[in-house]
Amino acid sequence: MLSEFQVLSLWDYIQKNKPLLSIWELTAVLGFDLKDVNAIQQYATVMPVKKNQKRGVKGYILAKEQYGETRFDDSIANNSKYPGKLNRTQLKIKTEVNNKYGISLVAEKDPGEKIGCNGFDYYSGNFVVRDIKRIKTLVIGDYNTRFGQGLVLWNGAGYGVLSSSSSRKRNTGISPYYGINENTFCRGIGIGLKTSYLNISVFGSRHKIDALVKDSLGNSVSRIIETGYHRTEYELTNKHSLTHSLYGINVDTRFRIVNIGFTAAMHLFDKEFIRDTILSREKYSFVGRKNKNIGMHYFINLKNLDFFGEFAIDDSLHPAVLSGFEAMLSGNTGLSVMFRNYDKAYNAFYSAGLAQGGITRNERGILVLLETKPDTMVTVKGYFDYFEHPWVVYGVSSPSNGYSLSLGTTYDFSYDQSINVQYKYTQSLHDQSYQESGIVNVQENIKHVGRIVYRAKVTDKWQFNTQAIASRFSTENTIGYAIFQELECHIIKETSILFRYSVFDATYNNKLYLYVTDATNVFYTAI
């Protein structure tokens, strides 16, 4: 019912002006008009915030046992070198007191791993304090750091190009980590302090992560391993083979129409990175034991026009730049344009800048996003993204370029029933090898992806989500598909049962992604 631009605009308004006093105050929010307020007032209520309200203790325990039927899991079953069972076991315990204090524990065992004397293969946990006087967030244990537009630090979940009227990241600072990626998070202490016009975050981390050991003495590594698998002797040799220390600070000034922030981070490693010079794409990757990054991010609001961006450099002064603007063209149409230019030798660990290649390096491009609501029940979204890689990337043995475009529409039958249809077209370059001659040619590739999603709440107790996806990769002439059905039943208050079933067939270049309704409590999705 609300566009992405409207949601983000409302969030910014509340951050600057405190909570709403009346639902009619929405007409003062950028992107809202009287028609929007009349449409949503039957679904939304504005109530005063009750101070000193006792909220009590809340928490949950989530245990998950997953047995896969994919070809990958079948290969584990048929290979005796993996000592553990096929199942993926996960446990999550989380407790909060008055939304001020919290403690959590996450444990996991991957397929093929064996539960030994120390229990699970992976443990994560933290203690959190929120909104106590000048303390915005204090985390002792495992946490995320997310600043600016992600050019210096943005660990945890990131994203690429989205078909929405906005791809601007929101600076969330330090937050507790609840995931199961065993390497891309901070472990130590992080604190965020707040005043009326200034936020300061200081953090320190020391974390043992998996890395590919380069020599027999174990004095150097070639790359970080993010799979998290520890099943064979080879994988166990690389387990926690690299100690990563991270220290940094972020200062964020907040005024009426201008926000400016600065981020500095230092990464230290106990082993030296030595890259494989045979691979051309590794030529500009990080080498050594130490790397520093400094960045400046900004946000400027001028009524119906917002400017934002971030500038960053690494230890060798290689730059990375992202800059853009968002405009509300009318009461129901939003436009966003973003420019990016990441040097081919820019290196920043835990970065997640907007990129087609998924890495904040060796890419430049322009992204144009448009979202419009011709009717209160219809939303149309689309984007066009042109990108270039000045140096070679995985799967392409020369500098390359391409473009991607997407168009989708959502129709809301009612508050609890909607259908979404989306199409994406990508044209890029890809290596094509000929086995007989051994010659590798770079040729144009086209990929088509179509998606349809239908969600409905049948009764107060039953709701379902149906998704179908298909893709075609022209170079391999392969087709991938997935059909996903989700059914949720609410038994009693705050208790529900969720059924999921999926059928899929895909190749590496026909990777498929599914949207799930409870992503905040999902550890792993095997699609």
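Residues numbered from 1 in each chain as written. Predicted model: local features only at pLDDT ≥ 70, side-chain atom pairs only at ≥ 80, totals over all residues. Heavy atoms only, no water.

1. Regarding the overall build of the chain
Stated formally: Secondary structure elements follow DSSP: runs of H or I of four or more residues count as helices, runs of E of two or more count as strands, with numbering from the N terminus. Think of it in three bands: with a 1.4 Å probe and only protein chains considered, a residue is buried below 20% of the maximum accessible area for its type, exposed above 50%, and partly exposed in between. By definition in these notes, contact holds between two residues if any of their heavy atoms fall within 4.5 Å. Only the protein chains shown count as cover for residues, and all accessible areas are computed by the Shrake-Rupley method using a 1.4 Å probe.
A count of helical and extended segments in the chain gives 4 helices and 24 strands. Across the 527 residues that make up the chain, the buried fraction comes to 43%. Pairs at least 24 residues apart make up 57% of the contacts formed inside the chain by residues separated by at least 6 positions. Total accessible area computed for the chain in this model is approximately 27,800 Å², and 58% of it derives from carbon and sulfur atoms.

2. Notes on the packing of aromatic side chains
Put simply, the test is: Working definition: a ring pair exists when centres of Phe, Tyr or Trp rings (six-membered ring for Trp) sit within 6.5 Å. Plane angles under 30 degrees give stacked, over 60 give edge-to-face, the rest tilted. Lysine NZ or arginine CZ positioned within 6 Å of the ring centre and within 35 degrees of the ring normal marks a charge as sitting over the ring.
Scanning the entire structure with this criterion turns up 17 aromatic pairs. Considering the side-chain rings of Tyr 284 and Trp 391, the 5.4 Å spacing of their centres and the 85° angle between planes classify their relative orientation as edge-to-face. Of the two residues, Tyr 284 is situated in the loop between β12 (258-273) and β13 (288-302) and Trp 391 in the loop between β18 (378-389) and β19 (400-414); the sequence distance between them amounts to 107 residues. In this structure Trp 391 comes out as partly exposed when scored by relative accessible area, which is 23%. Ring-pair connections join several aromatic residues into one group, and the members of that group are Phe 269, Phe 273, Phe 286 and Phe 349. In this arrangement the basic side chain of Lys 169 is found over the ring face of Trp 154, its NZ or CZ atom lying 5.5 Å from the centre. Lying over the aromatic face of Tyr 229, Arg 231 brings its terminal NZ or CZ to 4.3 Å of the ring centre.

3. A few points about the nonpolar core
Side chains of nonpolar character tend, in soluble globular proteins, to be buried together. Here is the rule: Note on terminology: a nonpolar core comprises buried Ala, Val, Leu, Ile, Met, Phe, Trp, Tyr and Cys residues joined through side-chain atoms within 4.5 Å.
Ranked by internal contacts, the top residues of the largest apolar core, which has 27 residues, are Leu 151, Leu 153, Phe 203, Leu 246, Leu 322, Tyr 342 and Tyr 346. For this core, the elements supplying multiple residues, two or more each, are β5 (135-146), β14 (305-313), β15 (319-330), β16 (333-342) and β17 (363-375). In this structure Leu 153 touches Thr 145, Arg 146, Phe 147, Phe 203, Leu 246, Ala 265, His 267, Phe 349 and Tyr 350, once residues within four positions along its chain are discounted.

4. Some thoughts on a nonpolar patch on the surface
Spelled out, the test is: Two joining distances apply to patches: 9 Å for like charges and 5 Å for nonpolar side chains (Val, Leu, Ile, Met, Phe, Trp, Tyr), and every residue must have over 30% relative accessible area and no salt bridge. Salt bridges are counted wherever a side-chain nitrogen of Lys or Arg sits within 4 Å of a carboxyl oxygen of Asp or Glu.
Together, Val 57, Val 97, Tyr 101, Ile 103, Phe 127, Ile 140 and Ile 189 line one region of the surface with nonpolar side chains, adding up to about 620 Å² of accessible area. Examined against the element boundaries, Ile 189 turns out to sit in strand β7 (residues 186-194). Relative accessible area serves as the criterion here: at 48%, Ile 189 is assigned to the partly exposed category.

5. A short note on the environment of Lys 511
Counting through the fold element by element, Lys 511 comes out in the segment after β24 (495-505). With a relative accessible area of 39%, Lys 511 lands in the partly exposed category. Sequence separation between Lys 511 and Ala 470 is 41 residues; the distance between their C-alpha atoms is 10.0 Å.

6. Section: unusual backbone geometry
The backbone of Asn 99 shows a phi angle near 60°, a positive value even though the residue is not glycine. With respect to the element layout, Asn 99 can be found in the loop between β2 (88-97) and β3 (101-109). Given the relative accessible area of 28%, Asn 99 is considered partly exposed. Positive phi, normally seen in glycine, also occurs at Lys 133, with a value near 55°. On the accessibility criterion, Lys 133 (78% relative accessible area) is exposed.

7. What about the side chain of Asp 252?
Tracing the sequence through the fold places Asp 252 in strand β11 (residues 242-254). Look at Asp 252 and you get buried, because its relative accessible area is 6%.

8. Remarks on the environment of Glu 371
Looking at where Glu 371 falls in the secondary structure, it is placed in strand β17. Separated by 38 residues in the primary sequence, Glu 371 and Thr 333 place their C-alpha atoms 5.7 Å from one another.

9. Quick word on the pairing of β2
Stated formally: Between any two strands, at least two bridges found by DSSP are needed for them to pair.
In this sheet, β3 lies alongside β2 in antiparallel orientation, the contact comprising 9 bridges. Each residue of the ladder has a partner; that of Ile 93, found in β3, is Leu 105. The turn linking β2 back onto β3 is made up of 3 residues, and Asn 98 within it adopts a positive phi angle of 55°.

10. As for the pattern of salt bridges
As enumerated under the stated definition, the model contains 17 salt bridges in all. A salt bridge links Arg 88 to Asp 110; its shortest N-O distance comes to 2.7 Å. Here Asp 110 lies in the loop between β3 and β4 (122-132) and Arg 88 lies in strand β2, a separation of 22 residues in the sequence. Judged on exposure class, the residue Arg 88 and its partner Asp 110 are both buried. Residues joined in a network through salt bridges with shared partners are Arg 88, Glu 108 and Asp 110.

11. A word on the confidence of the model for the chain
Under the convention used in this document: You can read pLDDT as the predictor saying how much it trusts each residue, on a scale of 0 to 100.
With 87% of its residues at a pLDDT of 70 or more, the chain shows a mean pLDDT of 84. This model gives residues 69-77 a pLDDT under 50, and the stretch forms 14 contacts once residues within four places in sequence are excluded. The low-confidence segment residues 519-527, where pLDDT is below 50, has 24 contacts with residues more than four positions distant or belonging to other chains.

12. Here we look at the environment of Thr 360
Heads up, the condition is: Two N or O atoms count as a polar contact when they lie within 3.5 Å, although within protein this holds only if one can serve as hydrogen donor and the other as acceptor, and sequence-adjacent residues are included solely when both atoms are side-chain atoms.
Here Thr 360 lies in the loop between β16 and β17. Using a relative accessible area of 3% as the deciding quantity, one classes Thr 360 as buried. Considering only alpha carbons, one finds Thr 360 and Ala 345, 15 residues apart in sequence, at a separation of 10.0 Å. Excluding residues within four positions of it along the chain, Thr 360 makes contact with Gly 150, Leu 151, Tyr 342, Tyr 346, Ser 351, Ala 352 and Gly 353. There is a polar contact of 3.3 Å between the side chain of Thr 360 and the side chain of Ser 351. Here the side chain of Thr 360 touches Gly 353 through a polar contact of 2.9 Å, landing on its backbone nitrogen.

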